[in-house]
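Structure at a glance
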Amino acid sequence: MATDTAQSETGKVGVVAATMMVAGCIMGSGVFMLPANLAATGGIAIFGWAVTIAGAIALALVYAKMSSIDDSPGGSYAYARRAFGPALGFQTNLLYWIVGWIGNIAMVVVGVGYLSYFLPILKQPLVATGVSIAILWLFVFLNILGPSLVTRVQSITTVFALVPIVGVAIFGWFWFRSETYLAAWNVSGLSTIGAIQSTLNVTLWSFMGVETAAAAAGVVANPKRNVPIATVGGVLIAAVCYVLSSTAIMGIIPNDVLQKSASPYGDAVRLAIGDLGGGIVALCAALGCLGSLGGWVLVTGQTAKAAAEDNLFPKIFGKVNAHGVPVAGLLVVGVLMTIFQLTTISPSASQQFGVVSSITVLFVLVPYIYTCAALLLVGHGHLGSSKALYTIMMIVAFAYSLWAIVGSDAKEVMWAMVVSLACIGLYALNYNRTHPAAFPLDKSEA
């Protein structure tokens with residue numbers, strides 16, 4: 001019988017561990033670099049928070065309901081495949097898989113950025129890159145040892161992450177200065193609507209992870225019950241922490257300084273109570289951020305494994321060891337992360353984080369949009385008296401996702417579309433590989 005606080009006897013994780021995984025994946029890096037990225041817009045970003053939280057909660061409810069209807073492992077991929085067929089299922093899974101390992105680059109960049117608080121040499125791009133690659137491979141090997149160790153590590157590091165977040169959210173307001181906050185109310189040079197819209201890509205990154213429990217349903221005990229609870233619970237924990245802590249920091253650190261900060265939480269606490277406090281916070285933030293890599297590497301491996309089992313990915317991603325871990329797939333992910341880490345080297349952690357996170361957000365919006373639509377298709381006849389509620393939630397989440405695309409950089413949107421369309425071509429190649437027989441032409445099947 002599975003327990004709620006640890007792992008079941010079959011090796012699956014319970015509701016508390018799953019909730020901490022969702023909260024940890026959401027808050028893994030977004031919260032720790034967020035104040036610096038939002039500083040480019042200013043205090044008006046508080047309205048962007050309101051929009052994003054509404055969208056994130058709607059997305060969480062969509063994923064929670066989908067997981068209660070269909071507990072297939074793979075999350076967004078499984079839903080898109082069932083609703084729209086294998087072609088869009090392949091596209092969804094490939095994009096989400098890319099999101100997983102590219103997003104890990106952003107997380108390790110932020111974690112190493114906080115470590116630079118203690119080791120200034122880590123501010124040198126080449127040194128930081130070398131350390132980042134070593135950390136990425138550490139978490140690949142931890143995942144090879146099995147999901148139990150990964151979720152245990154992430155549960156512990158999420159507690160460390162909550163120390164600076166909750167501490168700043170509660171006590172940071174004693175050093176909050178309204179004049180500091182309001183002096184940089186809107187420094188973007190855009191109109192009010194334009195400024196709010198410009199924050200959506202950044203703030204959406206901070207909520208990426210709402211779907212991780214659904215994507216990893218294969219390793220969650222009693223998924224029909226525990227995945228919805230973990231999904232909504234993780235989002236609510238993150239939402240409260242985000243708004244309170246990031247707003248407090250924007251009222252502590254002057255805007256021009258905050259925009260260049262590699263460790264906003266550590267710098268804020270240092271200004272408030274001195275170097276010792278700043279060091280403790282920076283260490284906790286680094287541990288929390290880097291610890292979240294475990295959950296994201298796990299999710300990346302599981303989504304590729306699910307697709308390989310459906311013949312949509314090469315079989316190498318579906319090969320598992322005696323403990324059910326897709327070792328070969330994880331090693332491929334490790335190589336790809338290393339290559340991408342080397343090709344996105346930037347002069348500062350904030351710049352590299354901004355580039356990687358923007359790309360990641362655009363890729364993940366496609367699976368989000370497909371999942372919203374899948375709810376009404378797969379859920380048709382299964383929503384009962386809640387149909388009106390979930391229809392509204394789907395519309396809110398769908399509209400928010402589209403608005404986030406509109407507010408993104410035009411060049412990045414163009415490349416995201418190119419990659420999305422290329423996925424369909426790759427599906428055709430994969431179909432020929434896995435279906436030696438002729439393509440069926442019986443029109444009566446349409």
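Here the structure is a predicted model, which means the values were calculated and not measured. (Residues numbered from 1 in each chain as written. Predicted model: local features only at pLDDT ≥ 70, side-chain atom pairs only at ≥ 80, totals over all residues. Heavy atoms only, no water.)

Section: the pattern of salt bridges
Spelled out, the test is: Salt bridges, as used here, are contacts in which a Lys or Arg side-chain nitrogen is within 4 Å of a carboxyl oxygen on Asp or Glu. Secondary structure elements follow DSSP: runs of H or I no shorter than four residues count as helices, runs of E no shorter than two count as strands, and numbering proceeds from the N terminus. Buried, partly exposed and exposed residues are distinguished by accessible area as a fraction of the type maximum, computed with a 1.4 Å probe on protein chains only: under 20%, between the cut-offs, and over 50%, respectively.
For the coordinates displayed, the defined rule picks out two salt bridges. Here Asp 267 ties to Arg 270 by a salt bridge, and the two come within 3.9 Å at their closest N and O atoms. Remark: Arg 270 and Asp 267 occur in helix H13 (residues 264-273); sequence separation between them is three residues, near one turn of the helix. In this structure Asp 267 comes out as buried when scored by relative accessible area, which is 15%. Classification of Arg 270 by relative accessible area gives partly exposed; the value is 33%. Its salt-bridge partner being Lys 305, residue Glu 309 comes within 2.7 Å of it at the nearest N-O pair. You can see Glu 309 and its partner Lys 305 sitting in helix H14 (residues 275-309), four residues apart, about one turn around the helix. On the basis of relative accessibility, which here comes to 15%, the residue Lys 305 falls in the buried class.

Thoughts on helix H7 (residues 147-171)
As a reminder of what qualifies: Working rule for helices: expected span equals 1.5 Å times residues minus one. To get the bend at a given residue, fit one axis to the seven residues ending there, fit another to the seven starting there, and take the angle between those axes.
In a regular helix each residue adds 1.5 Å, so 25 residues correspond to 36 Å; H7 covers 35 Å between its end C-alpha atoms and thus fits that length. Remark: the principal bend of H7, roughly 25 degrees, maps to Leu 162, with a proline, Pro 164, within the next four residues. Listed in full, the buried residues belonging to H7 are Pro 147, Val 150, Thr 151, Gln 154, Thr 157, Thr 158, Ala 161, Pro 164, Ile 165, Val 168 and Ala 169.

Side note on the confidence of the model for the chain
Stated precisely, the cut-off is as follows: Values of pLDDT, the confidence the predictor places in each residue, fall between 0 and 100. Contact definition: two residues touch when any of their heavy atoms are within 4.5 Å.
Taken as a whole, the chain shows an average pLDDT of 81; of its residues, 89% reach a score of 70 or greater. Across the chain, the element-wise mean pLDDT spans from 63 in helix H10 (residues 212-215) up to 91 in helix H8 (residues 178-183). In the model, residues 1-9 has pLDDT below 50 throughout and makes 19 contacts with residues more than four positions away in sequence or in other chains.

Description of the environment of Gly 14
Inspection of the secondary structure assignment puts Gly 14 in the segment before helix H1 (15-27). With a relative accessible area of 0%, Gly 14 lands in the buried category.

Some thoughts on the nonpolar core
Where a protein is soluble and globular, its nonpolar side chains tend to be buried together. Convention followed: For the purposes of this section, nonpolar cores are sets of buried Ala, Val, Leu, Ile, Met, Phe, Trp, Tyr and Cys residues that join through side-chain atoms within 4.5 Å.
Residues Phe 32, Trp 97, Phe 207, Tyr 265, Phe 313 and Tyr 368 are the most contacted members of the largest nonpolar core, which totals 126 residues. Among the elements that take part in this core, helix H5 (residues 86-115) stands out by supplying 17 residues, more than any other.

With respect to the environment of Leu 290
Position of Leu 290 among the secondary structure elements: in helix H14. Residue Leu 290 is classed as buried on the basis of its relative accessible area of 11%. For the pair formed by Leu 290 and Val 110, sequence separation is 180 residues and the distance between their alpha carbons is 8.3 Å. In this view, Leu 290 contacts Met 107, Val 108, Gly 111, Val 112, Leu 115, Ile 135 and Phe 139; residues no more than four positions away in its chain are not counted.

Thoughts on the packing of aromatic side chains
Stated precisely, the cut-off is as follows: Two rings belonging to Phe, Tyr or Trp (six-membered ring only in the last case) form a pair when the distance between their centres is within 6.5 Å. Interplanar angles under 30 degrees mark stacking, angles over 60 mark edge-to-face geometry, and anything in between is tilted.
On inspection of all chains with the given rule, the structure shows 21 aromatic pairs. When the centroid spacing of 5.4 Å and the interplanar angle of 25 degrees are considered together, the rings of Trp 49 and Tyr 242 count as stacked. Note that Trp 49 is positioned in helix H3 (residues 45-69) and Tyr 242 in helix H11 (residues 223-250), a separation of 193 residues in sequence. Each member of the pair, Trp 49 together with Tyr 242, is buried. The interplanar angle of 80 degrees and the centroid separation of 5.4 Å between the aromatic rings of Trp 97 and Phe 317 together place this pair among those described as edge-to-face. Of the two residues, Trp 97 sits in helix H5 while Phe 317 sits in the loop between H14 and helix H15 (327-343), which places them 220 residues apart along the sequence. On the basis of relative accessible area, Trp 97 is assigned to the buried category, the value being 8%. Pairwise contacts between aromatic rings join Phe 90, Trp 97, Trp 101, Phe 313, Phe 317, Phe 340, Tyr 427 and Tyr 431 into one cluster.

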